[in-house]
Every structure is written in C-alpha cells, then in structure tokens.
Amino acid sequence: MRLAELSERSGVSLATIKYYLREGLLAPGRRISATTAEYDESHLRRLRLVRALIQVGRVPVATAREVLGHIDDDSLGRTIRVGAALWALPQVPEPDEEDENVRAAQHEVDQLLRTLDWTTAQNLSSVSPAHRSLVVAVATLRRLGYAWDAELMAPYAQLMHQAAVRDLDFMETHPSEAEKVETAVAAAILFEPVLRALHRLAQEEESARRYGIE
C-alpha cells in the first residue's frame, strides 16, 4: 500500500506517520521510485502498536523507540526479548530502602515468591521493575494500615499466573517472533486496563449479590 492508504487504514494522519518514520518508530517502506515507497501489513500492525504506546500508554517517543528496538532485536531469545521490551516501559521510582514499610513489603514479597516457587522472579528481584512496583504498592498499603502479607497475596498471585498463561497462549497464536513480542507489549499496555475493569465489575457484582443494591 502507498502512504495515503496506510494513513487511511490506520486512522493516523500523514504528518504523524512521517514523524514516526523520521523518529525511527516505523520502518521505512520499500522504495519503488525516488519519491514513492510501498508499505505492507507489518507497517500497519506496527503503526497501531506505536499509537497504543504513545496515546494509551502515555509512553514518551524516546521510550517507545527503545521498546520497539527490543521487539525487533532477533538476536535475543523470546523471554529476554519480551522482558527487555516490557522493562523499557515507564516504571515506578526506586523505593526508600530506609522506610520500615518498604523493608516489610520486600520481606513479604520475597516470601510470596518462595511460596509460589517463582524462581525466575526471585532471581531477578533486585533488578525487576515488576518486583519493585509490587514492593511499592504493598508498602503503601501497609503504611495505610492494611497489613498485606505473603499469605494474603498468594491467591491473587495464583489468579495472575492463570492470566499469564492465557496471555502467552494468545501470544503464541501469532506467526512471527516480532508479532509475538508486539502482542506481549500490547498486553502490558492494553490488557492490564481490561483486567482492572473486570476486577472492578466483579467487585460490584459480588457486592450486589452479598449485600443487595438498596
């Protein structure tokens, strides 16, 4: 397809597509003349991912470029490729190690990972943004007086593992490695809001069943 058709099918303006091309967020099309290039379905798929990163995920352009670079790095194995792309997304700041609630949260999160036998998460705990995010969240809950511990978190973690299995099953339905990693990144940006919304709807439903709606 030509650039105009790519714009029409994606709903992204020509000016924005040209900007993405200049910034390296979108690969150049196949040159068919000095002034004309041709684009294919991979460009359309990537353009949609770029828009999700920037518009939905509020990811800065430089960060989006880094994420896409990891997606396209076929020298990496799939696990490392997915992990590098996800870790490049914006993350929470480092917690205050001197805060007693942070120390307590770290202890409970580490205990949780041992209980679940999540060995990869244990091994990467010192550098993992996801581990850091969980510690920060648990520390905040404890600071507010909610004594979240490993035992309380375990059933939730098991439910999330089931969600992760479904995520990866869905990822594996895509044919190419790049598409698989793109799907994992899209899941981090788009599926997590779906899970949050489903959680809240489930809470509303269960509350109405237990206590009525009057």
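Throughout what follows, the structure given in this document is the object of discussion.

## Comments concerning the overall build of the chain
Along the chain, the regular secondary structure elements total 10 helices and two strands. Traced from its N-terminal end to its C-terminal end, the chain shows the element sequence α-α-β-β-α-α-α-α-α-α-α-α. Referenced to the eigenvectors of the C-alpha coordinate spread, the extents of the chain come out at roughly 65 × 45 × 30 Å. A sequence separation of at least 24 residues applies to 61% of the contacts in the chain between residues at least 6 apart. Summed over its atoms, the accessible surface of the chain is roughly 13,500 Å², and 54% of this surface lies on carbon and sulfur atoms. The distance from the centre of the 25 positive side-chain charges to the centre of the 32 negative ones in the chain is 8 Å.

## Comments concerning the packing of aromatic side chains
Aromatic ring pairs are described here by two measures, namely the spacing of the ring centres and the angle between the planes. Overall, the coordinates contain two aromatic pairs when judged by the stated rule. Ring geometry for Y19 against Y20: centres 6.0 Å apart, planes inclined by 45 degrees, an arrangement best described as tilted. Judged by centre distance (5.6 Å) and plane angle (35 degrees), the ring pair of W148 and Y156 falls under tilted. Its relative accessible area of 23% is what places W148 among the partly exposed residues. Y156 sits in the partly exposed class, given a relative accessible area of 44%.

## Examining the packing of helix 9 (residues 150-171) against helix 10 (residues 177-211)
Interaxial distance between helix 9 and helix 10 falls to 9 Å at its minimum, and their mutual angle equals 140 degrees. Comparing the axis directions of helix 9 and helix 10 gives the class oblique. The interaxial crossing formed by helix 9 with helix 10 has right-handed handedness. The segment helix 9 lies against helix 10, with D167, F170 and M171 engaging K180, T183, A184 and F191. Across the contact of helix 9 with helix 10, the residue classes tally to four nonpolar, one polar and two charged.

## Observations concerning the nonpolar core
Core analysis: the largest hydrophobic core is formed by 31 residues, its most contacted members being L6, L53, V67 and I71. Those elements that provide at least two residues to this core are helix 1 (3-10), helix 2 (14-22), helix 3 (41-56), helix 4 (61-71), helix 5 (78-87) and helix 10. If sequence neighbours within four positions are ignored, V67 has contacts with L53, A85, A88, L89 and V185. Residues V102, A105, L113 and L116 belong to the second largest nonpolar core, which totals 13 residues.

## What about the pattern of salt bridges?
Evaluation of the coordinates by the stated rule reveals 11 salt bridges. With a shortest N-O distance of 2.5 Å, E38 and R30 are connected by a salt bridge. In this structure, the salt-bridge partner of R143 is D99, at a minimum N-O distance of 2.7 Å. Highlighted residues: R143 in helix 8 (residues 129-143) and D99 in the loop between helix 5 and helix 6 (100-116), separated in sequence by 44 residues. Using a relative accessible area of 43% as the deciding quantity, one classes R143 as partly exposed. Each member of the salt-bridge network shares a partner with another, and the members are R45, R46, D72, E179 and E182.

## Comments concerning the layout of surface pockets
Size it by volume and the second largest pocket reaches roughly 180 Å³. The wall of the second largest pocket is formed by R45, R48, L49, A52, H174, E179, E182, T183, A186 and L190. Among the secondary structure elements, those contributing two or more residues to the lining of the second largest pocket are helix 3 and helix 10. When the residues that make up the lining of the second largest pocket are grouped by side-chain class, the tally is four nonpolar, two polar and four charged.

## Notes on a negative patch on the surface
Negative charge collects at one region of the surface, where D167, D169, E172 and E192 lie side by side. With respect to the helices, strands and loops of the structure, D169 is situated in helix 9. Judged by relative accessible area, which is 44%, D169 ranks as partly exposed.

## Some thoughts on a nonpolar patch on the surface
On the surface, a cluster of nonpolar side chains totalling about 560 Å² of accessible area is made up of L159, M160, V194, L195, L198 and L201. Residue assignment for the nonpolar patch shows that the elements contributing at least two residues are helix 9 and helix 10. Among the elements that take part in the nonpolar patch, helix 10 stands out by supplying four residues, more than any other. Relative to the helices and strands, L201 is located in helix 10.

The rules behind the values
Residues numbered from 1 in each chain as written. Predicted model: local features only at pLDDT ≥ 70, side-chain atom pairs only at ≥ 80, totals over all residues. Heavy atoms only, no water. Helix = DSSP H or I, 4+ residues; strand = E, 2+ residues; numbered from the N terminus. Contact = heavy atoms within 4.5 Å. Areas by Shrake-Rupley, 256 points an atom, 1.4 Å probe, with all protein chains shown as cover. Lys, Arg positive; Asp, Glu negative; His and termini not counted. Charge placed at Lys NZ, Arg CZ, Asp CG, Glu CD. Phe/Tyr/Trp six-rings, centres within 6.5 Å; stacked < 30°, edge-to-face > 60°. Buried < 20%, exposed > 50% of the residue type's maximum accessible area, 1.4 Å probe, protein only. Axes fitted to C-alpha atoms, helices over the stretch in contact; angles between N-to-C directions. Parallel < 35°, antiparallel > 145°, perpendicular 65-115°, else oblique. Left-handed = near helix turned anticlockwise from the far one by under 90°. Nonpolar A, V, L, I, M, F, W, Y, C, P; charged D, E, K, R; others polar. Core = buried A, V, L, I, M, F, W, Y, C linked by side-chain atoms within 4.5 Å. Salt bridge = Lys/Arg side-chain N within 4 Å of Asp/Glu carboxyl O. 1 Å grid on protein atoms, 1.4 Å probe; cavity = no way out; pocket = protein on both sides within 12 Å on 5 of 7 lines; lining within 4 Å. Points joined across faces, edges and corners; volume = space filled by probe spheres on them. Patch = residues over 30% accessible without salt bridge, like charges linked within 9 Å, V, L, I, M, F, W, Y side chains within 5 Å.

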